[in-house]
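# Observations on the three-dimensional arrangement
Now for the letters of each chain:
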Amino acid sequence: MQMKTASVISTGLHIAVLAWATLSFTGKTFEVTPAESLPVDLISEKEFSQLTKGIKDAPKPVETPKPIVEKKAEEPPKPVEEIKPKIDEKREVAPNKEVKQEAPPPDPIADKLKPQEKPPEKQETAKAEPQPLPPKKPPPPKPQPKKPEFNADKIAALLDKRDPTRKSITGNELNSAPSLGTASGSAAQLSQSEIDALKARLYALWSPPAGAQDAGNVQITIRIKFKRDGTLATGPQVLTSGSGPVFNAMRDSAVRAVLVGQPYTMLRPDHYETWQEIDFVFDSSKMYSDIPVRRQ
Amino acid sequence: MNPADVAQSVLPLTSSDLSLFTLFWHAHWIVKFVMIGLMVCSVWVWAIALDKTVLYTRSRKSMDRFETAFWSGQSLEELYRSLSSKPNHSMAALFVAAMREWKRSFEGSPQKSFAGLQMRIEKVMQVTIAREVERLERRLLVLATVGSAGPFVGLFGTVWGIMTSFQSIAASKNTSLAVVAPGIAEALFATAIGLVAAIPATIFYNKFAGEVNKQAQRLEGFADEFAAILSRQIDERG
């Protein structure tokens with residue numbers, strides 16, 4: 001009897017607790033604040049190099065003269081007239097430089113050829129038909145109008161008049177200072193990706209002997225002369241002097257790495273001048289870390 | 001595919017309606033069985049606890065009352081006559097058993113057998129103590145069992161529920177938390193019920209075991225004292 005009442009009371013209590021729990025037990029949904037996504041592009045070394053590469057006919061050089069015009073804006077019409085032709089001529093200057101060496105020689109040859117060709121033609125035409133003469137006369141006048149544009153004196157005069165800052169950028173890199181004065185006209189710098197690629201290549205091939213790590217900080221500088229296609233122009237030249245079996249083994253291994261690694265296609269031929277000769281430092285303590293590459 | 005859609009299609013639970021009832025209703029039948037069993041255990045544990053609490057307080061109070069009456073100098077014959085009809089608590093039962101044996105030895109048989117009376121009275125009282133203690137600690141074993149086995153039973157339900165929910169996850173081929181969470185919450189519910197049943201059971205068992213021990217000792221003490229009194233009476237009469 002006692003147990004029965006206790007059971008009834010217990011059951012009632014349980015039902016009450018369960019009912020309360022059922023009503024109160026509600027999992028609140030976590031409010032997730034949506035984080036703004038950052039767009040990330042993965043680019044390879046090659047793409048990075050191409051990104052940093054300047055475009056020859058980029059719009060920037062055209063825009064640069066404008067602020068200068070505003071500075072001289074007291075007499076607006078005149079500077080505009082002055083600058084416009086300058087820009088036009090400037091644009092032509094860049095391509096001219098590349099052709100410069102090639103363009104003048106053909107002219108005398110053409111001139112020589114023309115008189116040579118003309119007599120036989122005249123003879124032939126005299127012999128045969130007078131009709132083909134009119135079409136062949138126009139070609140000679142064509143090179144003549146071009147000649148004033150190629151005139152080196154004019155370019156020199158234009159260059160003398162101008163501020164160097166006004167010159168259009170023709171370099172391989174964005175934001176680089178104009179290098180019109182140099183013979184190459186390209187950025188005199190190896191890009192970091194090229195340096196890294198060269199470093200990775202050489203360090204991957206360089207296998208120092210097993211005991212080299214105990215030898216501590218051994219640096220071996222090797223002068224490498226390249227050809228334009230990335231192969232070696234001469235054998236690698238060891239600049240560091242040292243002795244001992246470990247040093248000899250490391251030096252030989254480094255030389256082997258340089259020989260095996262060619263052709264070094266990661267170096268762009270656009271600015272061959274910058275990597276024509278490189279002093280590469282093999283550092284045993286800094287394997288796979290930042291190694292300085294000095295340009296001679 | 002949106003994980004929430006997968007969760008809705010595979011497991012009909014979503015995080016929005018994680019009430020206790022849905023947790024129970026969507027569980028596997030073995031887990032349901034475990035949950036129901038543990039709920040019944042919990043109900044039974046609390047019923048026993050209520051019963052025992054009432055029993056022990058009543059027993060303790062009646063013992064106090066009896067002891068004051070016993071030591072008040074009242075005649076044992078009168079006390080026996082008032083209690084013999086219905087010995088409603090353990091100490092009264094002990095007293096009545098001893099007195100009955102005493103009276104039987106004196107009044108029943110023609111030749112008075114004093115020789116084994118002392119031993120007989122002690123024997124009778126011991127038997128009565130054992131019976132009374134057994135009555136006091138009846139169903140305490142249920143509390144001990146639930147207290148020790150409840151968590152394991154709940155854990156079994158949880159393991160089973162997680163196994164089935166993992167099968168559901170494998171079937172849905174999606175490991176997002178929206179798919180995993182309802183099944184695991186549902187499985188953990190079994191452990192929760194097991195703990196809810198087991199924790200009070202353990203606490204009550206320890207408390208009641210101590211209480212039974214105390215009352216048994218009190219009975220033993222009274223039996224020894226009463227045996228000493230009767231022994232003096234026997235020696236005086238014999």
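Bear in mind that the values here come from a model prediction, so they are computed numbers and not experimental data.

### Observations concerning the overall build of chain A
For chain A, the count of helices and strands is 12 helices and four strands. Each of the 296 residues in chain A was classed as buried or not, and the buried ones make up 14%. Intrachain contacts of chain A at a sequence separation of at least 6 include 68% that bridge at least 24 residues.

### Observations regarding the overall build of chain B
Across its full length, chain B carries eight helices and zero strands. Taken from N to C terminus, the helices and strands of chain B fall in the order α-α-α-α-α-α-α-α. Across the 238 residues of chain B, 33% fall into the buried class. Nonlocal contacts in chain B, meaning residues at least 24 apart in sequence, comprise 81% of its contacts between residues at least 6 apart.

### A short note on the interface of chain B and chain A
Each partner contributes to the interface: chain B provides 13 residues, whereas chain A provides 15 residues. Among the secondary structure elements, those contributing two or more residues to the side of chain B that touches chain A are helix H2 (20-25) and helix H3 (29-70) of chain B. For the side of chain B that touches chain A, the leading source of residues is H3(B), giving seven residues. Class assignment for the residues of the side of chain B that touches chain A results in eight nonpolar, four polar and one charged.

### As for helix H11 (residues 245-261) of chain A
Residues and elements named next belong to chain A. With 17 residues, H11 should reach 24 Å at 1.5 Å per residue; the first-to-last C-alpha distance of 24 Å fits that figure. Burial in H11 covers these residues: Val246, Met250, Ala254, Ala257 and Val258. With its buried residues spanning 105 degrees around the axis, H11 presents them on a single face. Across from the buried face of H11, at angles greater than 90 degrees, the exposed residues are Pro245, Asn248 and Val260. The elements touched by buried residues of H11 are helix H10 (192-205), strand E1 (219-225) and strand E3 (277-283).

### Observations concerning unusual backbone geometry
Positioned with a positive phi, B:Arg139 is a non-glycine residue whose angle comes to about 70 degrees. Topologically, B:Arg139 is positioned in the loop between helix H6 (117-136) and helix H7 (140-172).

### A short note on H6(B)
A turn of α-helix holds 3.6 residues, and therefore any two residues three or four places apart point the same way. Residues and elements named next belong to chain B. A rise of 1.5 Å per residue sets the reference length of H6, with its 20 residues, at 28 Å; its end C-alpha atoms lie 28 Å apart and thus fit the reference within 8%. Taken together, the buried positions of H6 are occupied by Leu117, Ile121, Val124, Met125, Thr128, Ile129, Glu132 and Leu136. Around the axis of H6, the buried residues are gathered within 140 degrees of arc, so they sit on the same side. Across H6 from its buried face, at more than 90 degrees, point the exposed residues Met119, Lys123, Val127, Ala130 and Glu134.

### With respect to the packing of helix H1 (residues 2-24) of chain A against H3(B)
Where H1(A) contacts H3(B), the two axes come as close as 8 Å, and the packing angle between them is 130 degrees. It follows from the interaxial angle that H1(A) and H3(B) lie oblique. For the pair H1(A) and H3(B), the sense of crossing is right-handed. Where H1(A) abuts H3(B), its residues A:Gln2, A:Met3, A:Ala6, A:Ser7, A:Ile9, A:Ser10, A:Thr11, A:Leu13 and A:His14 lie against B:Ser42, B:Val43, B:Trp46, B:Ala47, B:Leu50, B:Asp51 and B:Val54.

### Focus: the pairing of E3(A)
Within a regular beta strand, the side chains point alternately toward one face of the sheet and then the other, so they alternate between its two faces. Residue and element names in this part refer to chain A. The alternating pattern of E3 places Ile278, Phe280 and Phe282 on a buried face, while none of Glu277, Asp279, Val281 and Asp283, on the opposite face, is buried. Summarising the sheet, E1 and E3 pair through seven bridges and their orientation is antiparallel. By the bridge assignment, Gln219 is partnered in E3 with Asp283.

### Digging into the nonpolar core
Nonpolar side chains in soluble globular proteins tend to end up buried together. Formed by 31 residues in total, the largest nonpolar core has its most connected members in B:Met35, B:Val45, B:Leu143, B:Ala197 and B:Ala201. Of all the secondary structure elements, the ones that give two or more residues to this core are H3, H7 and helix H8 (177-237) of chain B. Aside from chain neighbours lying at most four places away, what touches B:Leu143 is B:Val45, B:Ile48, B:Ala201, B:Phe204, B:Tyr205 and B:Phe208. Core analysis: the second largest hydrophobic core is formed by 21 residues, A:Met250, A:Met266, A:Phe280 and A:Phe282 among them.

### Quick notes on the pairing of E1(A)
Residue and element names in this part refer to chain A. Side chains Ile220, Ile222 and Ile224 project from E1 onto a buried face, and the interleaved Gln219, Thr221, Arg223 and Lys225 project onto a face without burial. Pairing of E1 with strand E2 (residues 237-238) involves two bridges; the strand directions are antiparallel. Bridge assignment links Ile222 to a residue of E2, and that residue is Val238.

### Quick notes on the packing of H3(B) against H7(B)
Residue and element names in this part refer to chain B. Running from N to C, H3 and H7 cross one another at 160 degrees; their axes reach a closest spacing of 10 Å. In terms of orientation, H3 and H7 fall into the roughly antiparallel class. Helix-helix and strand crossings are classified by hand; for H3 and H7 the assignment is left-handed. Residues Ile30, Val31, Val34, Met35, Gly37, Leu38, Cys41, Trp44, Val45 and Ile48 of H3 lie in contact with H7, whose contacting residues are Val142, Leu143, Val146, Gly150, Val153, Gly154, Phe156, Gly157, Trp160 and Gly161.

### Section: the confidence of the model for chain B
All names here are of chain B. Mean pLDDT over chain B works out to 83, with 89% of the residues at or above the 70 mark. The spread of mean pLDDT over the elements of chain B runs between helix H1 (residues 3-10), the lowest at 44, and H3, the highest at 91. When the criterion is pLDDT under 50, residues 1-16 qualifies, and its contacts beyond four places in sequence or with other chains add up to 31 contacts. Prediction confidence for the complex, expressed as pTM and ipTM, is 0.48 and 0.72 respectively.

### Concerning the environment of B:Trp46
Inspection of the secondary structure assignment puts B:Trp46 in helix H3. Along the chain, B:Trp46 and B:Ala201 lie 155 residues apart, while their C-alpha atoms are 7.8 Å from each other.

### Topic: the confidence of the model for chain A
Residue and element names in this part refer to chain A. A residue-level look at chain A finds 45% of positions with pLDDT of 70 or above and a mean pLDDT of 65. At the level of individual helices and strands, chain A shows its lowest average pLDDT in helix H4 (residues 65-71), which scores 47, and its highest in H1, which scores 87. Segment residues 78-104 is flagged for pLDDT under 50; beyond a separation of four residues in sequence, or across chains, it makes 18 contacts in the model. Counting interchain partners and residues more than four positions distant, the pLDDT-below-50 stretch residues 117-133 has four contacts.

Basis of the calculations
- Residues numbered from 1 in each chain as written.
- Chains lettered and ligands numbered in written order.
- Predicted model: local features only at pLDDT ≥ 70, side-chain atom pairs only at ≥ 80, totals over all residues.
- Helix = DSSP H or I, 4+ residues; strand = E, 2+ residues; numbered from the N terminus.
- Buried ≥ 20, exposed ≤ 12 C-beta atoms within 10 Å, placed from the backbone.
- Contact = placed C-beta atoms within 7 Å.
- Nonpolar A, V, L, I, M, F, W, Y, C, P; charged D, E, K, R; others polar.
- Expected span 1.5 Å × (residues − 1).
- Arc of directions from axis to C-beta.
- Axes fitted to C-alpha atoms, helices over the stretch in contact; angles between N-to-C directions.
- Parallel < 35°, antiparallel > 145°, perpendicular 65-115°, else oblique.
- Left-handed = near helix turned anticlockwise from the far one by under 90°.
- Pairing = 2+ DSSP bridges.
- Core = buried A, V, L, I, M, F, W, Y, C linked by C-beta atoms within 7 Å.
- pLDDT = per-residue confidence, 0-100.

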